[in-house]
Amino acid sequence: MRRRILRSILTVLTITTVVLGVPLIYTAWLWVEDITRNDLQSRLDRISSEVIAQERVDGTVHDGLDVRAMSALVPEGGKLTIVYPTPLDNAARTDIGVAQVTDPLVESLSMGTSGSLRLEVPAGPMHSRQEQAVAAVALAVLASLGAAFSVAVVTARRVADPLRDVAARAARLAMGDFRPDPRRHGIAELDRVSDVLDSATVEIAGRLQREHALVADVSHQLRSRLTAVRLRLDELSTHADPEVVHEAEEAMAQVDRLTDAIDDLVRTSRDEDATDRDPVPVMAELRGVATEWTHPFHETGRELLLLGDESLQAPITGSRLREAVAVLVDNALMHGGGTCTISVRTVPTMSSRDPLICVEVSDEGEGVRDELAPHIFDRGFSAGGSTGVGLALARALVEADGGRLELQRRRPALFAVFLGSKLNRPQNATLTEPR
């Protein structure tokens, strides 16, 4: 950011320097020439006064001009030509100075009936002074540009460093670092942003504490109620009717799985680091989901299949994956048709050596209508009379482990969960790149 700001400032300064410096240099060049010509014109005015002073009453000059005073007014290396009237001739000419001037700078003066003057001097000295003036102006321009560069560096640092610091604070806040930062930078707008970040830090920290407390209270109440339900089911398991005993045992198994799921979700909700999690076998986690939902599918005359490679592992939270896939299976049961298939496969990627693991949940129903597809993961959106929370929750659970959930196909519906993979390989195996 500092480089971009510095580059922008220097670009503006360079353009400004060029726009102002070039005309200034040209003006200095003309200014030196103007001074030189004004000096020559002043000398001609004084010489013309001397010539006119030597005229008689009839306007002519008798016995020749006295050029002693005029010679002192001719610059070194210059030449003065005087044309003046005489009694015998209409005009006479007198040259003072060198015979011929190389590369002359000429100034003339007409004196009317008193004649004319022409003063020639070498242009070399004037060009030298012009070059000196241009060099002085160029040095001044470069000095101003250097000073502007120093100011630009200080300004860029003063602007970029606070912006970078505020951005870092926002990033720390997003990562869960809720420590306030008392530093301020003397820039009203950025200090206002820092104040807002401090307020947001306090508010978010308070909300998270309240949510954690609420989750703990709710999980405690749910476990208490589930324990009571399990005790009642345990009493039913002693019933004389074998069918009642079987249903009671199935219900107790459901209660135990629900209790474990609640404990896992509460524990993982407090785990902020999902990147270093140990990989878990994906098929083993999904087998429990398939077992749990097989009976509801059989009751509706449908079938639930689980297909995939048993060796695939992913660094995820098992409870989150189970709950997310359970939502997709429940969605297939409620809104789909035919056989529901849970398949686990790998998907090659261009940016990583290890492929992604893809968990697909598909059925053979009518699928998702086109007008519903863009909003299917929106919280609270439902076209079937449900709460509209399930798919949004499933996507949130998958994203909490760094994965993503997408609707890959609309008709028939196919949902895909993409997870980071860690394939089982022998410890001494060697990976070879394709040639």
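Residues numbered from 1 in each chain as written. Predicted model: local features only at pLDDT ≥ 70, side-chain atom pairs only at ≥ 80, totals over all residues. Heavy atoms only, no water.

Cut-off, in case you're wondering: UniProt positions are given in the numbering used here, feature names are shortened, and annotations may be inferred rather than shown by experiment.
As recorded in an unreviewed UniProt entry, the protein chain goes by the name Signal transduction histidine-protein kinase/phosphatase MprB, listed as coming from Nocardia alba. For the record of the protein chain, the UniProt heading Catalytic activity (unreviewed entry) holds the text "ATP + protein L-histidine = ADP + protein N-phospho-L-histidine."

Considering the confidence of the model for the protein chain
Here is the rule: The score called pLDDT rates the predictor's confidence residue by residue, from a low of 0 to a high of 100. Working definition: helices are DSSP H or I runs of at least four residues, strands are E runs of at least two. Numbering for both runs from the N terminus. For this analysis, residues touch if any pair of their heavy atoms sits within 4.5 Å.
The predicted model of the protein chain has a mean per-residue pLDDT of 82, with 87% of residues at 70 or higher. Per-element mean pLDDT across the protein chain ranges from 76 in helix 5 (residues 242–269) up to 95 in strand 6 (residues 304–308). Note that pLDDT drops below 50 for residues 423–435; the model gives that stretch 9 contacts with residues more than four away or on any other chain.

Brief notes about the UniProt feature "transmembrane region" (unreviewed entry) in the protein chain
What UniProt calls "transmembrane region" (unreviewed entry) maps, in this numbering, to residues 12–32 and 133–154. Annotated as 100% helix and 0% strand, the span residues 12–32 places its first and last C-alpha atoms 30 Å apart. In residues 133–154, helix accounts for 100% and strand for 0%; the two terminal C-alpha atoms are 32 Å from one another.

Some details on unusual backbone geometry
Here the residue pair arginine 411 and proline 412 is connected by a cis peptide bond, since its omega of -20° sits within 30 degrees of zero. For proline 412, the position within the fold is in the loop between strand 10 (404–409) and strand 11 (414–419). One non-glycine residue, aspartate 103, lies in the positive phi region at around 50°. Following the sequence through the fold, aspartate 103 ends up in the loop between strand 2 (92–97) and strand 3 (104–110).

Some details on helix 7 (residues 318–335)
One full turn of an α-helix is made of 3.6 residues, so residues set three or four places apart face in the same direction. Under the convention used in this document: Expected helix span is taken as 1.5 Å per residue step, with the number of steps being one fewer than the number of residues. Here's how the labels work: a residue is buried when its accessible area is under 20% of the maximum for its type, exposed when over 50%, partly exposed in between, all with a 1.4 Å probe on protein chains only.
Over its 18 residues, helix 7 extends 26 Å from the first C-alpha to the last, a length consistent with the 26 Å expected when each residue adds 1.5 Å. When we look at burial in helix 7, the residues that qualify are Gly318, Ser319, Arg320, Leu321, Ala324, Val325, Ala326, Val327, Leu328, Val329, Ala332 and Leu333.

A look at the packing of helix 3 (residues 124–174) against helix 4 (residues 188–236)
Stated precisely, the cut-off is as follows: Convention adopted: a line fitted to C-alpha atoms gives each axis, helices being fitted over their contacting stretch, and angles between N-to-C directions are expressed from 0 to 180 degrees. Orientation categories follow fixed angle ranges, with anything under 35 degrees roughly parallel, anything over 145 roughly antiparallel, 65 to 115 roughly perpendicular, and all other angles oblique. Gly counts as polar in this scheme, as do all residues outside two lists: the nonpolar Ala, Val, Leu, Ile, Met, Phe, Trp, Tyr, Cys and Pro, and the charged Asp, Glu, Lys and Arg.
Where helix 3 contacts helix 4, the two axes come as close as 11 Å, and the packing angle between them is 10°. What the angle tells us is that helix 3 and helix 4 run roughly parallel. Contacts from Pro162, Leu163, Val166, Arg169, Ala170 and Leu173 of helix 3 reach helix 4 at Leu190, Val193, Ser194, Leu197, Asp198, Ala200, Thr201 and Ile204. Looking at side-chain class alone, the contact of helix 3 with helix 4 contains 10 nonpolar, 2 polar and 2 charged residues.

Here we look at the sheet that holds strand 9 (residues 356–362)
Counted only if it meets this: We treat two strands as partners when DSSP finds at least two bridges between them.
Strand order in this open sheet of 5 strands is 6-8-9-11-10, and the pairing throughout is mixed. Looking at which strands have only one partner, the edges of the open sheet turn out to be strand 6 and strand 10. Sheet twist, expressed as the average angle between the axes of neighbouring strands with direction ignored, equals 20°. Where strand 9 lies against strand 11, 6 bridges are found, and the strand directions are antiparallel. Bridged to valine 359 within strand 11 is valine 417. Helix 6 (residues 282–299) rests against strand 6, strand 8 (340–347) and strand 9 of the sheet, and its axis sits at about 165° to strand 6.

Some points on the packing of aromatic side chains
Definition in use: Only rings of Phe, Tyr and Trp enter the pairing, Trp through its six-membered ring, and a pair is recorded when the two centres are within 6.5 Å. The plane angle decides the type: under 30 degrees is stacked, over 60 is edge-to-face, the rest tilted. Geometrically, a charge over a ring is one whose NZ (Lys) or CZ (Arg) sits within 6 Å of the ring centre while staying within 35 degrees of the ring normal.
The tally for this structure, following the rule as stated, stands at 1 aromatic pair. With centroids separated by 6.1 Å and ring planes inclined at 90°, the aromatic side chains of phenylalanine 377 and phenylalanine 415 adopt a geometry described as edge-to-face. Of this pair, phenylalanine 377 sits in the loop between strand 9 and helix 8 (390–400) while phenylalanine 415 sits in strand 11, and the two are 38 residues apart along the sequence. In this structure, arginine 395 is placed above the aromatic ring of phenylalanine 377, and the distance from its NZ or CZ to the ring centre is 4.0 Å.

Overview of the sheet that holds strand 4 (residues 116–122)
One open sheet holds the 4 strands; their spatial order is 2-1-4-3, and the pairing between them is antiparallel. In this open sheet, the two edge strands, each paired with only one partner strand, are strand 2 and strand 3. Sheet twist, expressed as the mean angle between neighbouring strand axes with direction ignored, is 15°. Looking at chain direction, strand 3 and strand 4 are connected through 7 bridges and run antiparallel. Note on strand 4: the bridge partner recorded for proline 104 is proline 122.

Considering a nonpolar patch on the surface
As a reminder of what qualifies: To count toward a patch, a residue needs a relative accessible area above 30% and no salt bridge. Like charges then connect within 9 Å, nonpolar side chains (Val, Leu, Ile, Met, Phe, Trp, Tyr) within 5 Å. Only the protein chains shown count as cover for residues, and all accessible areas are computed by the Shrake-Rupley method using a 1.4 Å probe. We define a salt bridge as a contact between a side-chain nitrogen of Lys or Arg and a carboxyl oxygen of Asp or Glu at a distance within 4 Å.
A contiguous nonpolar surface patch, about 300 Å² in accessible area, is contributed by Ile15, Val19 and Leu20. Take leucine 20: it is sitting in helix 1 (residues 2–53). Looking at leucine 20, the relative accessible area reads 56%, which means it is exposed.

Things to note about helix 8
Among the residues making up helix 8, those that are buried are Leu391, Ala392, Ala394, Leu397 and Val398. Of the residues trailing helix 8, glycine 402 is marked for its positive phi of about 85°.

Some points on the environment of leucine 312
Its location among the elements puts leucine 312 in the loop between strand 6 and strand 7 (313–314). Separated by 34 residues in sequence, leucine 312 and threonine 346 place their C-alpha atoms 8.3 Å apart.

A closer look at the environment of leucine 321
Residue placement: leucine 321 occurs in helix 7. Linking leucine 321 and leucine 286, residues 35 residues apart in sequence, is a C-alpha distance of 8.0 Å. Ignoring anything within four residues of it in the chain, the contact list for leucine 321 reads Val282, Glu285, Leu286, Ile316 and Leu419.

A look at the pattern of salt bridges
Close approach of charged atoms allows side chains with opposite charge to pair. For the structure shown, the criterion picks out 15 salt bridges. The shortest N-O distance in the salt bridge between glutamate 285 and arginine 322 comes to 2.3 Å. Of the two residues, glutamate 285 is situated in helix 6 and arginine 322 in helix 7; the sequence distance between them amounts to 37 residues. Under the relative-accessibility criterion, glutamate 285 is labelled buried at 18%.

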